[in-house]
Amino acid sequence: MWESVAASVAGVMGAVAAAAPAPLPAPAVDATPVLTSTPFGALPEQRVTHTVTISGRGTLTATRVTFTTTVDLDGVIARAEPGRCAASPRIVVCDLGDLLLGTAAAAPRITITGRIRPGVPPGTVVRNRVSVTSVESTATNPHIASNAYLLPGSTATATATDPPLESPAVASEVRPPGRSLRVPAVAAVMVGAVAAGTLLTRRRLRRRHGLPPAAVTTGHRDPM
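Since we're looking at a predicted model, the values are computed, not measured. (Residues numbered from 1 in each chain as written. Predicted model: local features only at pLDDT ≥ 70, side-chain atom pairs only at ≥ 80, totals over all residues. Heavy atoms only, no water.)

Draft legend 1. Highlighting the pairing of strand β6 (residues 109–116). As paired elements, strand β2 (residues 47–69) and β6 share seven bridges and run antiparallel to each other. Each bridged residue has a counterpart across the sheet, and for R47 the counterpart in β6 is R115. Both strand β3 (residues 73–81) and β6 contribute to a ladder of seven bridges, which runs antiparallel. Its bridge partner being in β6, D74 is matched across the sheet by R115. (Pairing = 2+ DSSP bridges. Helix = DSSP H or I, 4+ residues; strand = E, 2+ residues; numbered from the N terminus.)

Draft legend 2. Region of interest: the confidence of the model for the chain. Looking at the chain, the pLDDT average stands at 73 and 54% of residues meet or exceed 70. No element of the chain has a lower mean pLDDT than helix α2 (residues 168–173), at 34, and none a higher one than β6, at 98. In this model, residues 155–189 is a region of pLDDT below 50 whose contacts with residues beyond four sequence positions or in other chains number three contacts. Contacts for the low-pLDDT stretch residues 213–224, under 50 throughout, to residues beyond four places or in other chains number nine contacts. (pLDDT = per-residue confidence, 0-100. Contact = heavy atoms within 4.5 Å.)

Draft legend 3. Seen up close, unusual backbone geometry. The omega angle of the peptide bond from T38 to P39 is -5 degrees, so this bond is cis rather than trans. Mapped onto the elements of the fold, P39 is located in the loop between β1 (30–38) and β2. With an omega of 0 degrees, the peptide bond running from E81 to P82 counts as cis. We note that E45 has phi near 75 degrees; this positive angle belongs to a residue other than glycine. By the secondary structure assignment, E45 is in the loop between β1 and β2.

Okay, here's the thing in structure tokens:
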């Protein structure tokens, strides 16, 4: 008798277990960090504020936000709502605990302020990065936001020590390459040689015909 009762109870429990609905899977977590840097493109010795907000839906367990930058910040102050932060010149780590995203409450927010350390050379890439990790999103698959900019180089303009441009008057006096001042002198020598040859030819003709030598127009006495 007891055996039949036990079998009946076991059958009823098995039927109830089979009819019970399967547990629902945990809802997916959608967490999106947003990083804002003000002013964007801050220069050395300038104060900058980095603001991190987390939006989305779902529950994050043991949430941690890590902020990094490639330049040192002096006087870093970091605040988290909710949570607490530990800050250094280039790294800020904030533990926010368990977060329920997508509710009517304000989105979690982290504010980091500091002054960019003097002496950062021009051309340095300033890269700011935020990662959000939790039990649901481990360090191997973090949610990331970042921004970056390049520190400008020297913008000094030309001074009075720069050489002045060549004036048009001076440029017009410059002779083109390949020409020489010897050309007029060579031409004068050639003209003189032709004139002398012509004079000698005339004298020889006069001597053949017995004519007196012609007067030279140079004003000097003819040596011939």
